Amino acid sequence: MITVETFDTLAAASSAMAGAGSGNRAGAGGSCYMGGGTLVMRAVNYGDGDFSRILRSRDPALLRIEPDGGGVFIGAGATMAAIAGHRETAFLAEAATAVGGPAIRNMATLGGNLFAPPPYGDLSTALLALDARVRTADGQETPMESFFARRRMTGPLVAGVTVPRPEPGVLRFRKVTRVRPKGVSVMAIAVRLPFRSGRLAGVRIAFGAMGPTPVRAKSAESALEGGGLEDARIARAAETLAHDLAPADDALASAWYRQAVAPVHLARLLRSAREG
Amino acid sequence: MTTFEMRKEYFADERPEDLKEIGRPTIRQDILGHVTGRSRFYDDHLFDGLLHMRCVRSPHHHARVRAIDASAAEAMPGVRRIVRSGDVPKNLNTLLSLLGFGRDDEPLITPETVGYRGEPVLAVIAETEAAARAAVRAVRVDWDVLPHVLDVEAALAPDAPIVNSEYPNNSFDYHDRYDHQKLRFGDVDRAFQGAERIVEGRYRMSPIEQAPMETCGAIAVPESNDRFTCHTSTQALFFSLATTAKLLDLPSAKLHFIGGTVGGGFGGKVDSVVEPMSVLGAQLTGRPVKFMWDREEEMQVGAPRGAEMWDIRDGLDRDGRIIARRFTGYFDAGAYTRLSSYAVVKAVGHLPGPYTIPNVAANVYCVFTNRTPATAMRGFGITGVDFAIECQMDRAAEAAGLDPVAFRILNAYRDGDMKAHRRLAKNTALIECCQVAAEKAGWPLDGTALSQSSLSGGGGARASVPETATDGEGRIGERRRRALPAEPLAGSGPRGRLPEGTIRGSDVAAAPPQRMDMGPGSGPDLESFVVPPLPAAPSPATGPVPHQPPIAPSTAASSPAAPATPTAPATPATPAAGDSMLAARLRRSRFLAGTRRR
Amino acid sequence: MTKTAVTFRLNGAETAIFVDGGQNLLDVLRRGVGDLSPKYGCGQGGCGGCSVLVDGTLRLACITLAESVDGASVETAAGLADGPRLHPLQKAFMEGFAAQCGYCTPGMLMAARALLDANPDPAREEVVEAISGNLCRCTGYEPIIDAILAAAADLRGGAAR
Ligand SMILES: Cc1cc2nc3c(=O)[nH]c(=O)nc-3n(C[C@H](O)[C@H](O)[C@H](O)COP(=O)(O)OP(=O)(O)OC[C@H]3O[C@@H](n4cnc5c(N)ncnc54)[C@H](O)[C@@H]3O)c2cc1C
Ligand code: FES
Ligand code: FES
């Protein structure tokens, strides 16, 4: 039997979770925090989530999308639809719209996307390429990369992310699916390609669905850093991908296939960036 | 807008002119219910005290149940009844037994040895679906995991694990004599010897789930007159009724089946599993019982169109006419017969496709493997082999250096020709279809191809192919006996048919055994399957990727480079254009065929 | 078993019901309230058969926690028609052969309704996107897209795009 508890603040939910000494998601013990519930309710329906207690929060702060220093703060409860439709987060609209169909986007939250297992996590992939920082209920901020490196279903709940605002056109996103117009990822690719006086400086290349969490392809980043987007460089960057990606088999694509086509898709994305 | 056109010159006697409904658009009778949400599908009936039934299923492809401990489940709140295999009055059936075809080989709830992942070994009936799920998870099964086989060739190897004890050779028995269904027409062996060119190909099709939007399910309700009403999603109401009567050993007069409003079937709602389950539940509890597959079950245990594998060998003469064609076909039935045995019969009746080939031979096997049992799907028995034949036609055209459409016209059957199953062809019109299709696609044809007609040139010598004596190749049990010469066959079914005498063996068993294991994958949800969604122009972001491993044709032609998009070239199809066309088509066919993994 | 009281407006009518912990809105609508128009196709958010509007936004009832709609307004396909007067979408679906088995139809209608409420003059691609979370195995989608465009034109007063 499942009980549902709703809290007025995220902090209260977070300490209720910590008090229970258990995880915040399906499979991690007694309690599970629910954002939009697109994945949590699925587990409830199929009876395969190892939890008997659902915690929710109706904290209005969770819905905030607002300027924050040089960037934007996005509350963990903001939905894909809200992010895609908000002026402040227009640079994320493509990645947010890549998630699910319209009904899913009305429900799916940023917080849930950060914890969604592969092949999910499209928006999170874009956030990783943007060097976003994850803010937890205890006020701590963690760079996205270390957040993913240590993603645990137990730690404190996530309050939101702060995202440095990219210059226009610098973020490129591509989702590869086998089903159109809607389908989950064979892979998602987000690249940030800032040019400083004709040379790339601060390249970020992030892949989703190519490992247990979104990951950066650091060898490919260094292959591009300091140069331009010439064919030879693109080819070199694409060649290195096997070092950094560790995809798994699923029913949509085998690990082999994902590895084999990742360079092709990265090269295409980079060439299309060059062509503007 | 209609794209249908009846050319009376070819189909003069096919359809009278004065039909009022057929051939005319009409508003569906049930459409008002559909658009108002008031059409009553089986689950759109509410009952007080409805109970929910769910199965404990095998996590293994092949395993024996040592023991089941359901005591914890039985004690859980809301659980009303544990249903065991022994509760099924006559726990063995084969669907086509209603037509007297095949032997009973499948239990409703399996008592001992399961042959596929997801096979039910116990059921739980509870007050709510959640309680039924919780109880199912609380059942402990002690499994003795057995070696499994997931590939048809491996299953036919003499030392393969026995999948289905009723058919210990892992192949269905045809005509009480052969381990395959045969077709013999003309003399292929002699014709191959005289052929100018031999073209061979192997074609594989993955299973395809029908994926109806409504999953399979039924609600059974005990009535006061000792009868049971069953609301069901079935596509085959009386088939399901008779199957239920047989398994539950009930007179069919005790059953009142209500159905007909089906949320999509496509062949996947014929197998009559949910109806006997729900009626059994209602019998055992005296309450209305719903047995409904969730989406995972629909995808995992719902019987798909089975996998097929076809080896085709063509012999061509100097002009590009196919003078001989040999098929070796394998239908992957999964663990039980269901309808696969009949799919094979239909497929063989369809060979060699719509072409006039004077010498045709086929050995087609209905093979048991430890995969989900397969059943009907649209174009039942035909779609897979047609796919193989048309791929082979492209390959052969390329080998002969001919335009693929002209090659089809050259070999197409014509009115009056004798077909391989010894019926005269009429209303063929394939030639004209090719001509019209080529025109609409802007595909240039030469004058010879354009001047052909299905109404002339047929019959005569093309109709007089003498009958071929059937050979004794592939007797039941032969394969296995060859591998185990000294010992009697272990585990042969209750009626173990092992005919005496060794007759000329088929060469199929010579192939080295292969095992194909299911890759790890996420649970079978809708997301993980390519259920065709909306049509949309392919975006550059998601177009074909030129890194597919090429399928190397086994003809002399080298495998050509793949072009980016499969479109008809504007120029006449030179051999080079043909190459790219073929490669594009083959590549595309991988996507078409590979829509499901199990 | 703990039950929670939930009140909401269903197609304009005040509704109150007790729900189980973790129960989804689809189950509550169908079995609890008896509105059978939303359909179960997956319970995973993957098929769109259970599409409903909650406070005007499109949602999937099967993955909506029932108690989360407390105080909200829920609309389903059963409420589309105004008495015997069909909604233009319903008419267009009827006339345009946009349903075969009809199982996806209530969900399709609600997804289309959400689109037309927000965008009375959608382009074809916008229609495609709007129903991209709704699967149909029978029709091949084209008649559905055409019907939605026809209904949009009808709603705008016959002005074709
Ligand atoms: C049909 C369908 C299609 C989908 N398509 C896509 C897709 O294309 N791309 C994609 O990326 N995803 C997709 N998803 C997955 C999912 O909907 C999204 O990833 C979504 O963003 C998850 O958010 P949620 O709020 O619904 O998560 P929930 O289900 O509420 O939660 C998911 C997990 O995150 C945890 N969590 C949620 N919020 C917090 C928080 N604030 N702090 C800590 N932990 C938290 C939960 O405990 C849980 O473990 C799809 C899902 C479905 C059902
Ligand atoms: S039943 Fe809700 S989306 Fe399929
Ligand atoms: S009409 Fe049958 S699923 Fe759409």
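Each residue is numbered by its place in its chain's sequence as written, counting from 1. Chain letters start at A and ligand numbers start at 1, both assigned in the order the entries are written. Only residues with pLDDT of at least 70 are given local features in this predicted model, and only at 80 or more are side-chain atom pairs given and counted; all residues enter the totals for whole chains, interfaces and linings.

Engineer: Quick question: what am I supposed to make of the overall build of chain A here?
Structural biologist: Starting at the N terminus, helices and strands are each numbered in turn, a helix being any DSSP run of H or I of at least four residues and a strand any DSSP run of E of at least two. For chain A, the count of helices and strands is 12 helices and 14 strands. Against the compact-globule benchmark of 19 Å for 276 residues, chain A has a radius of gyration of 19 Å, which places it among compact chains. Sorting the 276 residues of chain A into buried and exposed places 54% on the buried side. Taking all contacts inside chain A whose residues are at least 6 apart in sequence as the whole, residues at least 24 apart take part in 58%. The quantity called the radius of gyration is restricted to C-alpha atoms. Its globule counterpart is 2.2 Å times the number of residues to the power 0.38. Remark: C-beta atoms are placed from the backbone, and a residue is labelled buried if 20 or more other C-beta atoms sit within 10 Å of its own, exposed if 12 or fewer do, or partly exposed between those counts. Working definition of a contact: two residues with C-beta atoms, positioned from the backbone, lying within 7 Å.

Engineer: Mind showing me how you'd approach the interface of chain B and chain C here?
Structural biologist: A common measure of how large an interface is: the accessible area buried when the components associate. Opposite the 32 residues of chain B that make contact, chain C presents 36 residues. Looking at which element gives the most residues to the side of chain B that touches chain C, the answer is helix α1 (residues 31–36) of chain B, with 6 residues. Class assignment of the residues belonging to the side of chain B that touches chain C gives a composition of 17 nonpolar, 7 polar and 8 charged. Residue classes follow a fixed rule: Ala, Val, Leu, Ile, Met, Phe, Trp, Tyr, Cys and Pro count as nonpolar, while Asp, Glu, Lys and Arg count as charged, and any other residue, Gly among them, counts as polar.

Engineer: Is there a simple way to explain the sheet that holds strand β7 (residues 181–185) of chain B in this structure?
Structural biologist: Across a sheet, paired strands are connected by hydrogen bonds in the backbone, their directions being either parallel or antiparallel. Residue and element names in this part refer to chain B. A sheet is described by the order of its strands in space; here 5 strands give the open sequence β7-β15-β14-β13-β8, paired in mixed fashion. Each edge of the open sheet carries a strand with a single partner, namely β7 and β8 (197–205). Along the sheet, successive strands turn relative to each other by an average axial angle of 5 degrees, direction set aside. Think of it this way: DSSP has to see at least two bridges between two strands before they count as a pair. The pairing of strand β14 (residues 322–334) with strand β15 (residues 360–368) spans 9 bridges and is parallel. Bridging from a neighbouring strand, Phe 331 pairs with Cys 366 of β15. Contacting β7, β14 and β15, helix α9 (residues 340–350) runs over the sheet at an angle of about 170 degrees to β15. A fitted line through C-alpha atoms serves as each axis, taken over the contacting stretch for helices, and the angle formed by two N-to-C directions is quoted from 0 to 180°.

Engineer: Is there a simple way to explain the domain arrangement of chain C in this structure?
Structural biologist: All names here are of chain C. Domain ranges listed in this record stem from an automatic or a database domain assignment. Assigned domains of chain C: these are domain 1 (3–79) and domain 2 (88–155). Taken residue by residue, the interface counts 14 residues in domain 1 and 13 residues in domain 2. At 3 residues, the largest contribution of residues to the side of domain 1 that touches domain 2 is made by strand β3 (residues 51–54). Looking at the side of domain 1 that touches domain 2 residue by residue, the classes come out as 7 nonpolar, 6 polar and 1 charged.

Engineer: Hey, could you run me through the pairing of strand β10 (residues 185–192) of chain A in this one?
Structural biologist: All names here are of chain A. Where burial is concerned, most of β10 is hidden: 8 out of the 8 residues are buried. The pairing of strand β9 (residues 171–177) with β10 spans 7 bridges and is classified as antiparallel. Bridge pairing in β10 places Val 176 opposite Met 187. Where β10 and strand β13 (residues 204–208) come together, 5 bridges link them in antiparallel fashion. Its bridge partner lying in β13, Ala 190 is registered against Ala 206.

Engineer: What's the story with the pairing of strand β2 (residues 63–69) of chain B in this structure? I'm lost.
Structural biologist: The side chains of a regular strand alternate between the sheet's two faces. Residues and elements named next belong to chain B. Alignment of β2 against strand β4 (residues 113–114), held across 2 bridges, turns out to be antiparallel. Considered in β4, the bridge of Arg 64 is made with Thr 113. Relative to strand β6 (residues 140–145), β2 is paired through 6 bridges, and the arrangement is antiparallel. Bridge pairing links Ala 63 to Val 145 in β6.

Engineer: What is the right way to read the domain arrangement of chain A from this model?
Structural biologist: Residue and element names in this part refer to chain A. Parsing chain A into structural domains produces domain 1 (3–57), domain 2 (60–164) and domain 3 (171–274). Inter-centroid distance (C-alpha atoms) of domain 1 to domain 2 is 19 Å. With 16 residues of domain 1 at the interface, the matching set in domain 2 holds 18 residues. Looking at which element gives the most residues to the side of domain 1 that touches domain 2, the answer is helix α1 (residues 10–20), with 5 residues.

Engineer: Help me understand the sheet that holds β2 of chain B in this model?
Structural biologist: Taken in spatial order, the 3 strands line up as β4-β2-β6 (chain B) in an open sheet, and their pairing is antiparallel. The outermost strands of the open sheet, each flanked by one partner alone, are β4 and β6 of chain B.

Engineer: Any chance you could explain the environment of Tyr 116 of chain B here in plain terms?
Structural biologist: Residues and elements named next belong to chain B. Assignment of secondary structure puts Tyr 116 in the loop between β4 and β5 (120–126). For the pair Tyr 116 and Val 149, spaced 33 residues apart in sequence, the C-alpha separation works out to 9.9 Å. Not counting residues up to four positions away in its chain, the partners in contact with Tyr 116 are His 61, Gly 334, Ala 335, Asn 370, Arg 371, Thr 372 and Pro 373.

Engineer: I tried to follow the packing of helix α10 (residues 231–239) of chain A against helix α12 (residues 255–274) of chain A on my own but got confused; where do I start?
Structural biologist: Relative orientation and spacing of two packed helices are given, respectively, by the angle between their axes and the distance between those axes. Residues and elements named next belong to chain A. Look at α10 against α12: their axes get within 9 Å of each other, and the N-to-C directions meet at 145 degrees. As for how α10 packs across α12, the hand of that crossing is right-handed. Side by side, α10 and α12 meet where Ile 234, Ala 235, Ala 237, Ala 238 and Glu 239 of the first sit next to Pro 263, Leu 266, Ala 267, Leu 270 and Arg 271 of the second. A class-by-class count of the residues in the contact of α10 with α12 yields 8 nonpolar, no polar and 2 charged. For any pair of crossing helices, the crossing counts as left-handed if the nearer helix is rotated counterclockwise from the farther one by less than a right angle, and right-handed if it is rotated clockwise.

Engineer: Whenever I open this one, the packing of helix α11 (residues 404–411) of chain B against helix α12 (residues 430–440) of chain B confuses me. Can you help?
Structural biologist: Residue and element names in this part refer to chain B. Where α11 meets α12, the closest approach of the two axes is 9 Å, and the angle between their N-to-C directions is 165 degrees. It follows from the interaxial angle that α11 and α12 lie roughly antiparallel. The two elements α11 and α12 cross, and the hand of that crossing is left-handed. Where α11 abuts α12, its residues Val 405, Arg 408 and Ile 409 lie against Ile 431, Cys 434 and Ala 438. Taken together, the residues of the contact of α11 with α12 sort by class into 5 nonpolar, no polar and 1 charged. The cut-offs work like this: below 35 degrees is roughly parallel, past 145 is roughly antiparallel, 65 to 115 is roughly perpendicular, and the gaps in between are oblique.

Engineer: Explain the environment of Asp 18 of chain B to me, please; I cannot follow it from the model alone.
Structural biologist: Its location among the elements puts Asp 18 of chain B in the segment before α1. Spatially, the C-alpha atoms of Asp 18 of chain B and Val 364 of chain B are 43 Å apart, while their sequence positions differ by 346 residues.

Engineer: Sorry if this is basic, but what is going on with α10 of chain A here?
Structural biologist: Note: α-helices contain 3.6 residues per turn, so residues at a spacing of three or four share the same orientation. Residues and elements named next belong to chain A. Along α10, the residues that are buried comprise Ile 234, Ala 237 and Ala 238. For α10, the buried positions fall inside an angular range of 100 degrees around the axis, keeping them on one side. Those residues of α10 that are buried are in contact with α9 (218–224), α11 (241–244) and α12. Arc, as used here, means the arc of the directions from the helix axis to the C-beta atoms.

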